[in-house]
Structures are given as C-alpha cells and as structure tokens.
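Single-letter residue listing:
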Amino acid sequence: MNIFYTTLHYFQKRGFEVCGRIAERMGIRARVVRTSFIYLTFVTVGFGFALYLFLAFWLRIKDLIYTKRNSVFDL
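Residues numbered from 1 in each chain as written. Predicted model: local features only at pLDDT ≥ 70, side-chain atom pairs only at ≥ 80, totals over all residues. Heavy atoms only, no water.

## A few points about the overall build of the chain
In terms of regular secondary structure, the chain is built from four helices and zero strands. Counted from the first residue to the last, the chain has its helices and strands arranged as α-α-α-α. Taking all 75 residues of the chain together, the buried fraction comes to 11%. Within the chain, residue pairs in contact and separated by at least 24 positions form 35% of the contacts whose partners lie at least 6 positions apart. (Helix = DSSP H or I, 4+ residues; strand = E, 2+ residues; numbered from the N terminus. Buried < 20%, exposed > 50% of the residue type's maximum accessible area, 1.4 Å probe, protein only. Contact = heavy atoms within 4.5 Å.)

Encoded structure:
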C-alpha cells in the first residue's frame, strides 16, 4: 500500500495542475474535476485524456506568455 501512496504523491507533486486550476476557476473541488476527466476518458475511449493533455499544453503556454515582469529589462 505504501508504493501506491508514493506513486500518488509523485503524480500529484509533478502533475500539470490542470484539474486544480480548472477547479479553482470554477469554484469547485479538484477531486470532482479529476473524476470527470476519468469518466470522460472511459466513456469516450481516450478523448478525456487527449483533452487533459491539450489543456496542460495550453496552460503551460499561457503561463509562459503571461508571466508578470517586474521591469522593462526582464525581457
């Protein structure tokens, strides 16, 4: 059982935080969003996983573009 929690902690720590950020924006729990992605993946045979990866990529690009710079010289 310890290996399960170690693996779970690894993925939670190094994940893309897609579910957490979507849940924060919508004002609901991240667990609900994660469960929805899991159900969507099983029902649509992989579409939920593809959607998750697309959102992870999109949020990563958004973070790179919209980073707050302290001065003009941080370009």
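Now that the structure has been shown, we can carry on.
## Observations concerning the layout of surface pockets
Estimates place the volume of the largest pocket at around 630 Å³. Lining of the largest pocket is provided by 19 residues; of these, Phe11, Gln12, Cys19, Arg34 and Tyr52 occupy positions nearest its centre. Among the elements of the structure, helix H1 (2-14), helix H2 (18-26), helix H3 (30-43) and helix H4 (47-65) are those that each provide at least two residues to the lining of the largest pocket. Ranked by the residues each element gives to the lining of the largest pocket, the list is headed by H1, at five residues. Its residues assigned to classes, the lining of the largest pocket shows 10 nonpolar, six polar and three charged. Computed from the structure, the second largest pocket encloses a volume of approximately 200 Å³. Around the second largest pocket, the lining residues are Arg21, Ile22, Glu24, Arg25, Leu55, Leu59 and Lys62. (1 Å grid on protein atoms, 1.4 Å probe; cavity = no way out; pocket = protein on both sides within 12 Å on 5 of 7 lines; lining within 4 Å. Points joined across faces, edges and corners; volume = space filled by probe spheres on them. Nonpolar A, V, L, I, M, F, W, Y, C, P; charged D, E, K, R; others polar.)

## A word on unusual backbone geometry
We note that Val45 has phi near 55°; this positive angle belongs to a residue other than glycine. Along the chain, the position of Val45 falls in the loop between H3 and H4.

## Here we look at H3
Taking 1.5 Å as the rise per residue, H3 with 14 residues should run 20 Å; its terminal C-alpha atoms sit 20 Å apart, in good agreement. Two residues or fewer after H3 comes Val45, characterised by a positive phi angle close to 55°. (Expected span 1.5 Å × (residues − 1).)

## Considering the confidence of the model for the chain
Per-residue pLDDT for the chain has a mean of 81; in total, 88% of the residues score no lower than 70. Per-element mean pLDDT across the chain ranges from 79 in H1 up to 88 in H2. (pLDDT = per-residue confidence, 0-100.)

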